[in-house]
Amino acid sequence: MENPTSDGRLTADDLALLRRCEPILCFNRGEQFYPMDVDRFLADARLCIQRPNAEAQEVVPRGQLDAVALGQTSQSAVPGTVEFLSVAEPLTAAQVLAFRKSSTLKEFHVGPGRLVRVGLLARFVDLLFSVSLLLRGKAPGGFAAGSAVQYHALQAQDERYTYYGRVVRAHGYIALQYWFFYAFNDWRSSFHGVNDHEGDWEMVTVYAAQNAQGAIAPCWIACSAHDSDGDDLRRRWDDPDIEWLGEHPIIYAGAGSHANYFFRGEYMPAVVVPYTQRLAAIGVRLRRLWARLGQGDEPSEREAEGFRIPFVDFARGDGVRLGPSQQHEWDARLLQATDYTPAPAWVDGFRGLWGLYSGDPLGENAPPGPRYERDGLQRKRWYDPVGWSGLDKVPPPNRTTEALIEQERRLCAEHDELTAKIEEHASLVSGLELEMAAMQSLQQAGRHSVITQQRLRALNADLEQSKSARAANEIAQERCRALAAKVAAGDFGDPRAHLHRPALPSTPADVRLGRLAAVWSAISIGVLLLGVAALVYFSGYLAPGILVLLGVYGFFEALFHRDVQVWIARLVVALASVTALLLLLRFFQPVVLGVVVLVGLFIIVDNLREVLT
Amino acid sequence: MKRPLGVILIGGLLLLQGLYLVAFASTVAYFTVVPEGRDVWLLRALHFTGLAAEDLISAALVGGLGVFIVISGIGILRLHPWAWLVAMALQGWTLAVFLLDYFTRGQSSYSTALLSVIIVFYLNSRTIRRTFDLVRRREAMSAGPPLDSRNAMATEPEIPAGSAKSA
């Protein structure tokens, strides 16, 4: 890797390229926080330290912190110690109410909301998740509003929208990183999302490389979205779904979460509920067994990661747009040094959190800076920006033909090796065949003949395998040549071929679920609990009553999600399973006897068949 | 697509069952209308799928159910996806009646229940669902519409008016 840290100096060409491919960020109506410069954030921040089993202590008071001082803070040697910044002051309930009435938050309309789009079980777990906020450490109430008031005051003084640029050359690509710092992530309190936390770092990377004509041009783009990585994060420049304005990609930021998406719409990222991995793994094992019996579908690997609660991330793009030729243009800053300016000291020097540390294990703590993870190690997107989006497997356009020629050369060498091996084995096989023929007339050759036959069988199998591998190799060579010809003609194939589970917005059908469904979703869990309470109090048939109640609920859920067929099938299979269990218990002895008789008959028939043949 | 043997068997069984119910209901109706037929004790003892065919209304219900089963049997034989659902629903009804009887009266028709269990698991198997084109339809439903139409759902974002600010 040619430029892995902030030590590499940026050239004028790098800066020009950064400006040339600046993204356009589209926000929702009602968004409270936009990308800002860290200097103004730090001017109002205090630096604190949280040691294990102790109260947080202020290390640097408000007004004495700047970018240089932050970069020079010393890392605590005590394990478990967390350094963090703190800026926002929480508002009182009355102040929050006044803020909501006067702010642009009222321009945001939630629509059918997430509850209507997720299942009953997910809603129930979500209820527990929300209740757990009372027990967990979290960003205090009124904190988001407090931060918004402070941010708006700063913007009123000097309106600025900032990104921090970084350029890394690796694997033949020039990764142009655009980092965005937000004063607050108010996804939970303002947009019904998962979490709130002070400070938020998000990023968009444009990958440029030399094209066939030798000119540098953008060829891929990747967005940070909820800590994911891999192939699904990136899109190719010629993907018809991606929107561009000249060479500026158009990106949609999630309301409050500031996660970046390629398409406008409403996304449903799922959050894995902690401590549910074991339960999910048992469920997956049972479903695999069920699938092996020919019933149901094979569960995916993701399902074993834990129980997931879907949340809606609104990236409608109907609000403010930032970027070239938009309402507000970028104030560009750098994370690396140039010949004239040093790199900001905090990039390498500050490993703490860029906002309040609430002690919550589930996402209400502020994030660390662009370079570091919470454990102090480097982020993958920082030390390997090309590998972060899985692009290290893909040669840049100008090197694709070269890579194909190289692969064809490897295949040729492998072909030669296989041919030599085939000739050698064919010669051995014919020698052994002749040896067998020669030994046939000898009466004492029994044992030798058996050994020779075994060798012959093994060699023949090996020979067939080599021939098959050589045939496949020839096809691969032909395909490589054909692909090289296509690439030379400028055809790089399907731009979406690398995608497995890309983040896509909800379908229009989901978004337009009826008002009745929305009302049902809002009240269903509460009514279910009331129903259970009524059953406990009034009815002697608690278990059957709960089952019937859940069945009725399932039916309504299925009706609203247009999934009645699946509901009927599941209900009938459940009834059949219970019946099968009852029959097994009722006729246990005859069933066991029947199985023993069947096994006995099978063994007799099988053995007799062997004896008779 | 080739019709599996099990599907032919289930389709045939449903046809037989449906025709039997229609014939049974017609007989009951006939004897109910004819005054001396009301005393045929055998009719009171006969129960099928939870409906006692003792009077005209019950007979009509059983007859209707029979027609329904005949239609689903024909659908099953012609591999229609809706027939798969109807057949499953009918087996669900049978099983629900069995379980209700079992838990309230302590006894029920075990042979009918066993047959229903076998039919349900057979119809629910991946191979049969694929035969009825249900797997592909389900996958298509979960994949949602093509991306172009997803994008079409959002309104064109408006660029708020205001002066451009240089960097």
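Just so it is clear, the model here is predicted, and its values are computed rather than measured.

Quick notes on the overall build of chain B
Part 1: Regarding its fold elements, chain B presents 8 helices and 2 strands.
Part 2: Each of the 167 residues in chain B was classed as buried or not, and the buried ones make up 29%.
Part 3: A separation threshold of at least 6 residues defines the contact pool for chain B, and within that pool the share at least 24 residues apart is 62%.

Re the overall build of chain A
Part 1: Helix and strand content of chain A: 18 helices and 18 strands.
Part 2: Burial analysis of chain A (613 residues in total) assigns 34% to the buried set.
Part 3: Of all intrachain contacts in chain A linking residues separated by at least 6 positions in sequence, the fraction that spans at least 24 positions is 74%.

Some details on the sheet that holds strand E5 (residues 162-170) of chain A
All names here are of chain A.
Part 1: Strand order in this open sheet of 6 strands is E9-E8-E7-E6-E5-E18, and the pairing throughout is mixed. Lying at the two open borders of the sheet, with one neighbouring strand each, are strand E9 (234-236) and strand E18 (331-334). Shown here is a sheet whose adjacent strand axes are inclined to one another by a mean of 30 degrees, direction ignored.
Part 2: Direction of pairing for E5 relative to strand E6 (residues 173-185): antiparallel, over a ladder of 7 bridges. Opposite Ala170, over in E6, you have Tyr173 as the bridge partner.

Digging into the packing of helix H17 (residues 564-586) of chain A against helix H5 (residues 110-124) of chain B
Part 1: In the contact formed by H17 of chain A and H5 of chain B, the axes pass within 9 Å of each other and the chain directions differ by 135 degrees. Between H17 of chain A and H5 of chain B, the interaxial angle falls into the category oblique. By crossing handedness, the relation of H17 of chain A to H5 of chain B is classed as left-handed. Where H17 of chain A abuts H5 of chain B, its residues Ala569, Val572, Val573, Ala576, Thr579, Ala580 and Leu583 of chain A lie against Tyr110, Ala113, Leu114, Ser116, Val117, Val120, Phe121 and Asn124 of chain B.
Part 2: Taken together, the residues of the contact of H17 of chain A with H5 of chain B break down into 12 nonpolar, 3 polar and no charged.

Some details on the environment of Ser190 of chain A
Residues and elements named next belong to chain A.
Part 1: Here Ser190 shows up in helix H7 (residues 187-191).
Part 2: Between the C-alpha atom of Ser190 and that of Tyr164, which follows or precedes it by 26 residues, the distance is 26 Å.
Part 3: Not counting residues up to four positions away in its chain, the partners in contact with Ser190 are Gln32, Leu105, Ala144 and Gly256.

So, the pairing of E5 of chain A
Residues and elements named next belong to chain A.
Part 1: With 7 of 9 residues buried, E5 is to be regarded as a mostly interior element.
Part 2: Sheet topology note: the E5/E18 ladder contains 4 bridges and is parallel. In the strand pairing of E18, Gly165 is matched with Leu334.
Part 3: Where E5 hands over to E6, the hairpin turn is made up of 2 residues, of which His171 adopts a positive phi near 50 degrees.

Concerning the nonpolar core
Part 1: In this structure, Leu176, Trp179, Tyr207, Ala208, Ile251 and Tyr261 of chain A are the most contacted members of the largest nonpolar core, which totals 101 residues.
Part 2: The element best represented in this core is E6 of chain A, accounting for 11 residues.
Part 3: When near neighbours in sequence (up to four residues on either side) are disregarded, Ala208 of chain A contacts Leu17, Cys21, Ile174, Leu176, Ile216, Ala217, Pro218 and Cys219 of chain A.
Part 4: Counting 33 residues, the second largest nonpolar core, distinct from the first, contains Ala59, Val62, Trp84 and Phe132 of chain B.

Some details on the sheet that holds strand E2 (residues 46-50) of chain A
All names here are of chain A.
Part 1: Pairing in this open sheet of 3 strands is antiparallel, and the strands run E3-E2-E4 from one edge to the other. Two strands in the sheet have a free side with no partner beyond their single neighbour: strand E3 (57-60) and strand E4 (82-86). Neighbouring strand axes in the sheet, compared pairwise and without regard to direction, differ in orientation by 40 degrees on average.
Part 2: Summarising the sheet, E2 and E3 pair through 3 bridges and their orientation is antiparallel. Counterpart to Cys48 in the pairing with E3 is Glu58.

Side note on the pairing of E4 of chain A
Within a regular strand, side chains alternate between the sheet's two faces.
All names here are of chain A.
Part 1: Of all 5 residues making up E4, 5 are buried, and the element is well covered by its neighbours.
Part 2: The two faces of E4 match: Val82, Phe84 and Ser86 on one face and Glu83 and Leu85 on the other face are all buried.
Part 3: Bridge count between E2 and E4: 5 bridges; the pairing is antiparallel. Across the sheet, Gln50 pairs through a bridge with Val82, a residue of E4.

Re helix H1 (residues 12-20) of chain A
Residue and element names in this part refer to chain A.
Part 1: When H1 is considered as a whole, its buried residues turn out to be Asp14, Leu17 and Leu18. Seen along its axis, H1 keeps its buried residues to an arc of 105 degrees; they face one direction. Exposed and oriented more than 90 degrees from the buried face of H1 are Ala12, Asp13 and Ala16.
Part 2: In the core, the buried residues of H1 are packed alongside E5, E6, strand E7 (197-210), strand E8 (216-223) and E18.

Examining the environment of Leu85 of chain B
Part 1: If you trace the backbone, Leu85 of chain B turns up in helix H4 (residues 81-105).
Part 2: Setting aside residues no more than four positions away along its own chain, Leu85 of chain B makes contact with Gln565 and Ile568 of chain A.

Re the confidence of the model for chain A
Residues and elements named next belong to chain A.
Part 1: Taken as a whole, chain A shows an average pLDDT of 86; of its residues, 90% reach a score of 70 or greater.
Part 2: Mean pLDDT values for the elements of chain A range from 62 in helix H14 (residues 508-511) up to 97 in strand E1 (residues 24-26).
Part 3: Every residue in residues 1-6 scores below 50 in pLDDT, and together they form 13 contacts with partners more than four places removed in sequence or on other chains.

What about the environment of Ile74 of chain B?
Part 1: Among the secondary structure elements, Ile74 of chain B is positioned in helix H3 (residues 56-77).
Part 2: Spatially, the C-alpha atom of Ile74 of chain B lies 11 Å from that of Ala87 of chain B, the residues being 13 residues apart in sequence.

Overview of unusual backbone geometry
Part 1: Despite not being glycine, His171 of chain A has its phi angle at roughly 50 degrees, a positive value.
Part 2: Among the structural elements, His171 of chain A can be located in the loop between E5 and E6.
Part 3: Exposure remark for His171 of chain A: the 20 C-beta atoms within 10 Å place this residue in the buried category.
Part 4: With a phi close to 60 degrees, Leu79 of chain B is a non-glycine residue in the positive phi region.
Part 5: Locating Leu79 of chain B in the fold gives a position in the loop between H3 and H4.

Details of the packing of H17 of chain A against H4 of chain B
Part 1: In the contact formed by H17 of chain A and H4 of chain B, the axes pass within 9 Å of each other and the chain directions differ by 40 degrees. Here H17 of chain A is positioned oblique relative to H4 of chain B, judged by the angle of their axes. When the axes of H17 of chain A and H4 of chain B are compared, the crossing they make is left-handed. Here Gln565, Ile568, Ala569, Leu571, Val572, Leu575, Ala576, Val578, Thr579 and Leu582 of chain A of H17 of chain A lie close against H4 of chain B, whose contacting residues are Leu85, Met88, Ala89, Gln91, Gly92, Leu95, Ala96, Phe98, Leu99 and Tyr102 of chain B.

Focus on the confidence of the model for chain B
Residue and element names in this part refer to chain B.
Part 1: A residue-level look at chain B finds 66% of positions with pLDDT of 70 or above and a mean pLDDT of 71.
Part 2: Averaged over each element, pLDDT in chain B is lowest for helix H8 (residues 147-152) (39) and highest for H5 (87).
Part 3: Overall, residues 141-167 carries pLDDT values under 50, and its contacts beyond four positions in sequence, including any with other chains, amount to 39 contacts.
Part 4: Reported confidences for the modelled complex are a pTM of 0.73 and an ipTM of 0.72.

Cut-offs and rules
- Residues numbered from 1 in each chain as written.
- Chains lettered and ligands numbered in written order.
- Predicted model: local features only at pLDDT ≥ 70, side-chain atom pairs only at ≥ 80, totals over all residues.
- Helix = DSSP H or I, 4+ residues; strand = E, 2+ residues; numbered from the N terminus.
- Buried ≥ 20, exposed ≤ 12 C-beta atoms within 10 Å, placed from the backbone.
- Contact = placed C-beta atoms within 7 Å.
- Pairing = 2+ DSSP bridges.
- Axes fitted to C-alpha atoms, helices over the stretch in contact; angles between N-to-C directions.
- Parallel < 35°, antiparallel > 145°, perpendicular 65-115°, else oblique.
- Left-handed = near helix turned anticlockwise from the far one by under 90°.
- Nonpolar A, V, L, I, M, F, W, Y, C, P; charged D, E, K, R; others polar.
- Core = buried A, V, L, I, M, F, W, Y, C linked by C-beta atoms within 7 Å.
- Arc of directions from axis to C-beta.
- pLDDT = per-residue confidence, 0-100.

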